Amino acid sequence: MAAPPPKPLAHIDRALVFFARLGARRPYRVLLGTLLVLLLSFGAASRLEFREDFIELLPSESVGARLLRHAMARMGGGSATMFVVVDSPDAEANRRLVDALEVQLRALPPTLVRTVEHGPEEIRRFFWQRRWLYAEVGDLEEISCELQRTRRRAQPGYVDLDDEPCSALRSDHDRPAAAPSTTAAAAPAEPEPAHVSEAARPFHHFRAQLRTRTREVDQYPTGYFRNPEGTLYAIVLRSPATGTGDSTGDQLMTRVNRIVRDVHPERFHPRAQVGLGGDIPSAVAERDALKEEAIKTSGLAVVLILGVIVLFFRSLSSLAHIGLAMITGVGLAFAVAYFAFGYLNASTAFLGSIIAGNGINYGIIYLARYRDRRALGDSVEDALVDAAVTCRRGTQLAALAAAFAYGSLMLTSFRGFSQFGLIGGVGMIFCWCATMVVVPATVTAVERLRARLFPARAARLSSGATRTPISGFIAVITSRYPKQILAVGAVLCVWSAVALPKYLRDPWEYNFANLGSRGSRHTGADAWSSRADRIFVGRGGSPDILLADRFEDVLELSAALLHRDQERTGGRFIDHIETAWDRLGGQPAAMTRKLEILQTIRADIDAILPELSGDDLALAREWRPPADLRAPQPDELPALVRAQFTEKSGRFGTPVFVYYKPWFSPSDGRKLIIVADLTQNVRLADGRTVPTVSRSTVFAEMVRAMSTDGPRATFAAFMVVVFHSLLATRRLGPAAMVLGALLSGVLFTVGGAAHLGVRLNFLNFVALPLTFGIGVEYAMNLYDRVEHLDDVGEGIRSVGGAVTLCSMTTIIGYGSLLVADNQALQSFGYLAVAGELSCILTAMLLLPSALVLARRRRGRAS
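Cut-offs applied
Residues numbered from 1 in each chain as written. Predicted model: local features only at pLDDT ≥ 70, side-chain atom pairs only at ≥ 80, totals over all residues. Heavy atoms only, no water. Helix = DSSP H or I, 4+ residues; strand = E, 2+ residues; numbered from the N terminus. Areas by Shrake-Rupley, 256 points an atom, 1.4 Å probe, with all protein chains shown as cover. Axes fitted to C-alpha atoms, helices over the stretch in contact; angles between N-to-C directions. Parallel < 35°, antiparallel > 145°, perpendicular 65-115°, else oblique. Contact = heavy atoms within 4.5 Å. Nonpolar A, V, L, I, M, F, W, Y, C, P; charged D, E, K, R; others polar. Patch = residues over 30% accessible without salt bridge, like charges linked within 9 Å, V, L, I, M, F, W, Y side chains within 5 Å. Salt bridge = Lys/Arg side-chain N within 4 Å of Asp/Glu carboxyl O. Lys, Arg positive; Asp, Glu negative; His and termini not counted. Charge placed at Lys NZ, Arg CZ, Asp CG, Glu CD. Buried < 20%, exposed > 50% of the residue type's maximum accessible area, 1.4 Å probe, protein only. Expected span 1.5 Å × (residues − 1). Bend = angle between axes of the 7 residues up to and from the residue. Disulfide = S-S within 2.5 Å. Phe/Tyr/Trp six-rings, centres within 6.5 Å; stacked < 30°, edge-to-face > 60°. Lys NZ or Arg CZ within 6 Å of the ring centre and 35° of its normal. Left-handed = near helix turned anticlockwise from the far one by under 90°. pLDDT = per-residue confidence, 0-100. Pairing = 2+ DSSP bridges. Core = buried A, V, L, I, M, F, W, Y, C linked by side-chain atoms within 4.5 Å. Polar contact = N/O pair within 3.5 Å; in protein donor to acceptor, adjacent residues only side chain to side chain.

If you tally the helices and strands in the chain, you get 31 helices and 13 strands. Summed over all atoms, the accessible surface of the chain reaches about 36700 Å², with 59% contributed by carbon and sulfur.

What follows concerns the packing of helix α11 (residues 351-359) against helix α30 (residues 792-815). The interhelical angle for the contact between α11 and α30, taken along N-to-C directions, is 175 degrees, at an axis separation of 7 Å. Judged on the interaxial angle alone, α30 and α11 are roughly antiparallel. Contacts between α11 and α30 involve Ser-353, Ile-354, Gly-357 and Asn-358 on the former and, on the latter, Cys-806, Thr-809, Thr-810, Gly-813 and Tyr-814. Across the contact of α11 with α30, the residue classes tally to three nonpolar, six polar and no charged.

Our next topic: a positive patch on the surface. A surface patch of like charges, here positive, comprises Arg-26, Arg-29, Arg-448 and Arg-452. With respect to the helices and strands, Arg-448 occurs in helix α14 (residues 415-453). Residue Arg-448 is classed as partly exposed on the basis of its relative accessible area, which comes to 33%.

Attention shifts here to the pattern of salt bridges. Under the defined criterion, the tally for this structure stands at 29 salt bridges. The partner of Arg-531 in a salt bridge is Asp-87, and the shortest N-O contact between them spans 2.7 Å. Highlighted residues: Arg-531 in helix α20 (residues 525-535) and Asp-87 in strand β2 (residues 80-87), separated in sequence by 444 residues.

Moving on: α14. Look at α14: 53 Å from first C-alpha to last across 39 residues, which is about the 57 Å you get at 1.5 Å a residue. Within α14, the axis deviates most sharply at Val-438, by approximately 35 degrees, and proline Pro-440 lies no more than four positions further along.

Looking now at a nonpolar patch on the surface. On the surface, Leu-300, Leu-304 and Val-819 cluster together into a nonpolar patch covering about 220 Å² of accessible area. Assignment of secondary structure puts Leu-304 in helix α9 (residues 279-313).

What the rule picks out here adds up to one disulfide. A sulfur-sulfur distance of 2.1 Å marks the disulfide that ties Cys-145 to Cys-166. Looking down the S-S bond of the Cys-145 and Cys-166 bridge, the torsion is -70 degrees, so its handedness is left-handed. Placement of the pair is Cys-145 in helix α6 (residues 137-154) and Cys-166 in the loop between α6 and α7 (201-213), with a sequence separation of 21 residues.

This part takes up the packing of aromatic side chains. In this description, an aromatic ring pair is defined by two values, namely the gap between the centres and the angle between the planes. Counting across every chain of the model gives 16 aromatic pairs. A centroid spacing of 5.8 Å and a plane angle of 65 degrees characterise the contact between Tyr-224 and Tyr-233, whose relative ring orientation is edge-to-face. Residue Tyr-233 is classed as buried on the basis of its relative accessible area, which comes to 3%. Of the aromatic side chains, those joined through ring pairs into one cluster are Tyr-406, Phe-420, Tyr-814 and Phe-828. Here the guanidinium or amino end of Arg-131 rests over the ring plane of Trp-623, the centre of that ring lying 4.8 Å away. Above the face of the Trp-528 ring, Arg-531 is positioned so that its terminal group lies 4.0 Å from the ring centre.

Across the interface, helix α17 (residues 482-498) lies against helix α28 (residues 732-756) with an axial gap of 8 Å and an inter-helix angle of 45 degrees. Relative to α28, the element α17 is oriented oblique. Taken as a pair, α17 and α28 cross one another with a handedness that is left-handed. Between α17 and α28, the contacting residues are Gly-489, Leu-492, Cys-493, Trp-495, Ser-496 and Ala-497 on the first element and Ser-744, Leu-747, Phe-748, Gly-751, Gly-752 and His-755 on the second. Grouping the constituent residues of the contact of α17 with α28 by class yields six nonpolar, six polar and no charged.

This part covers the confidence of the model for the chain. On average, residues of the chain score 81 in pLDDT, and 85% of them are at 70 or above. Within the model, the stretch residues 178-189 combines pLDDT values under 50 with 30 contacts to residues more than four positions away or in other chains.

The end-to-end C-alpha distance of helix α12 (residues 361-375), which contains 15 residues, comes to 21 Å, matching closely the 21 Å that a straight helix rising 1.5 Å per residue would cover. Of all 15 residues in α12, 14 are buried, a share of seventy percent or more. Phi for Gly-377, located one or two positions after α12, is positive at around 105 degrees.

Our focus in this paragraph is the pairing of strand β10 (residues 655-660). Where burial is concerned, most of β10 is hidden: six out of the six residues are buried. Alternating positions in β10 separate into two faces, Pro-655, Phe-657 and Tyr-659 on one and Val-656, Val-658 and Tyr-660 on the other, with burial throughout. Examined bridge by bridge, strand β8 (residues 544-547) and β10 share four bridges and lie antiparallel to one another. Residue Leu-546 lies in a different strand from β10, and its bridge partner there is Val-656. For strand β9 (residues 574-578) and β10, the ladder comprises four bridges, and the chain directions are antiparallel. Bridged to Ile-577 within β10 is Val-658.

A few words now on the nonpolar core. With 198 residues, the main nonpolar core has Ile-309, Phe-313, Ile-364, Phe-420, Leu-557, Leu-561 and Phe-828 as its most contacted residues. Take this core: its biggest share by element is 15 residues, from helix α13 (residues 380-408). Among the nonpolar cores identified, the runner-up in size contains 28 residues, and Val-98, Leu-108, Val-113 and Val-263 belong to it.

Examined against the element boundaries, Asp-378 turns out to sit in the loop between α12 and α13. Separated by 2.9 Å, the side chains of Asp-378 and Arg-373 make a polar contact. The residues touching Asp-378, leaving out its near neighbours within four places in the chain, are Arg-373 and Ala-383.

So, on to the environment of Phe-473. Secondary-structure assignment places Phe-473 in helix α16 (residues 469-480). Classification of Phe-473 by relative accessible area gives exposed; the value is 52%. Note: C-alpha distance between Phe-473 and Arg-797 (324 residues apart in sequence) is 8.8 Å.

Here Arg-114 lies in the loop between α4 (91-105) and β3 (115-117). Judged by relative accessible area, Arg-114 falls into the partly exposed class, the value being 22%. Taking C-alpha positions, Arg-114 is 5.3 Å from Ser-239, a pair spaced 125 residues apart along the chain.

A few words on the side chain of Ser-838. By secondary structure assignment, the location of Ser-838 is in helix α31 (residues 823-861). Here Ala-834 takes part through its backbone oxygen, which lies 2.9 Å from a polar atom of the side chain of Ser-838.

Have a look at this one:
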């Protein structure tokens, strides 16, 4: 009987046969075209910028990001802080070094630095000359009352009929005491001298009241920001930078570091050190660390992946076959990134190692099949054609599943996810296409070279089984103990599922300190920030800034913020709010009242002066309000203070600075969300919304975007995998087995994370949808080979080694992130490696066991 005619090839198979024969017959032309593509793609990719600014991760339509950008434009940027910290054991040397640095720092352009402060000296002098105007109205009323009673007591025949103390007669007696405009630790009360005359007692009280109100500027009596021992000094720079890793922060860091080098700190003291701390250096350090880690991990991944391939195929030529196709796919993916976005962000910077680890799998399957056919005696061209057609369905569906899993991230509004999805998705498609076009050409070129150099051994070197003892062992145990293997899998699934309900209610990492660089805590910006904290004890961090449309609105805005905090948190978060009115001594009505009371106080003091002598007389004259005292005007404020409350356009008084309690930590994501809710979208009585310049707003938007977009992307990736499983198997039963193996692997991964307390963040969450798309590849390729050979054990022996190698290269791609210093990258690596291990184990153990039982059941039924 004549053999049945072969089935006609599908259109895509005919295309792959064309490229296989083209590579076999015109290999050098194909390789020349490949090199040209590589040059063009890497030329484009090399022009990619790197933006670590977390604003780049937010949805483009984010309300918080839009308001933040609007406010930054009005202020000429953000309001981030840099501390230039000087450390040596010699206080005098530190002071001279600070003076030398300050001269050059003040010469920096206003586009980089708004204010430079070595201490509160200028501000302290300004306030001291007008100290009476910065007392509370109630304080002045109390002092005036005491002075008047002192005058009456000095009169002959005075009878004391006053029942109430002066403190009870204050106009603000029924209101809580006003918080001082600082978060500095409270200074101990100044003791009253032992022998104070009755007439001088009000003056001592007056001095104590004012010093309480101005204790921030009195915290540094030397006029410099320094610790009590003088071993640490600091210069405070306020910059238009956002403090989130923007280019302004970069430029400022470069200029300041150059100034420090040019000053030569060692000339002032052999042990003198100068470091940079605060918002700007910390953000830049995190960004640079992330960039360096991306380069390091990508390089390490490529080296390890190629090394494992050489060991598996026992041939250096495999590097040319698989490595060139993989590099071509990666280069094209980043070229697309350049033309689509023009930059990489904190989420996409390390995609090189991941695309390499995933995209190389198709070449492994292709080359393994080619070597099997060569071992059976096929010619080079026939073996390439067979490998292309035989591997097409499994690798194509796997590539599409991975690409769509990446692509599911594009359904999110979170740019950190969507850009990651586009680059990764096209990377998978390009790697598959490059495999089908480039591998035949490299194989043929190497075969021709080998035939010339080693004609006697050429056939043996180009062939060789890709079966491994491990795949043989798995084939044996899955055929002998399928029920037991499935039972163990079921127990692990139950164990994993137990912890999920509680975990999935809130799986997010809120401690941002667990996402940064470990090294910077001890040797970098964080270490210098910690030294600065020893100078600014209790001073608090950088404030959030809200911008009113008019100077007249700031009091209403401040009241609205305090009301929000009181209503929503019981007043737990906002420590105090500073406006330009605080620097001007108060709003006009309050200032008019103060001047009236001070006029009365001056008259009372003049009346009491004849009764005083010695120190009491000197104290009274020191605290007598001058006759020419008047309300300060904005243009009379110190330059540093005036700049703080002036917009880029020159409009004065609109910024409102919100300071938080000393215990508030910007590393606590939950508290950042609360703070963002307090300061974001504040509406005034006329309906206008006030924008905020706030890092808390940015981070809160990130958490919100992840919590809504993350589940959406994961569900989309799962639905894509379901579709591709049905497409690959064309039957519901086998599709259920493939999906069951995949879902078991995902369940082991998430359940293990739940049991171990691993939290999800803006980087590692991507591992979940990718696990669906990439993890199903192993089950698909194994099922495809079993169907092709119609034997479970033979299918495992044939493709098990190659599938395991595919998983190993992906694990290496992810595992390279484990050596990163950045903890967010490490967390991504841990979760992704766990997903890969789980999925390869379930694909190699649970799926074959299920297939064995299904075939036995069909055999008994027939």
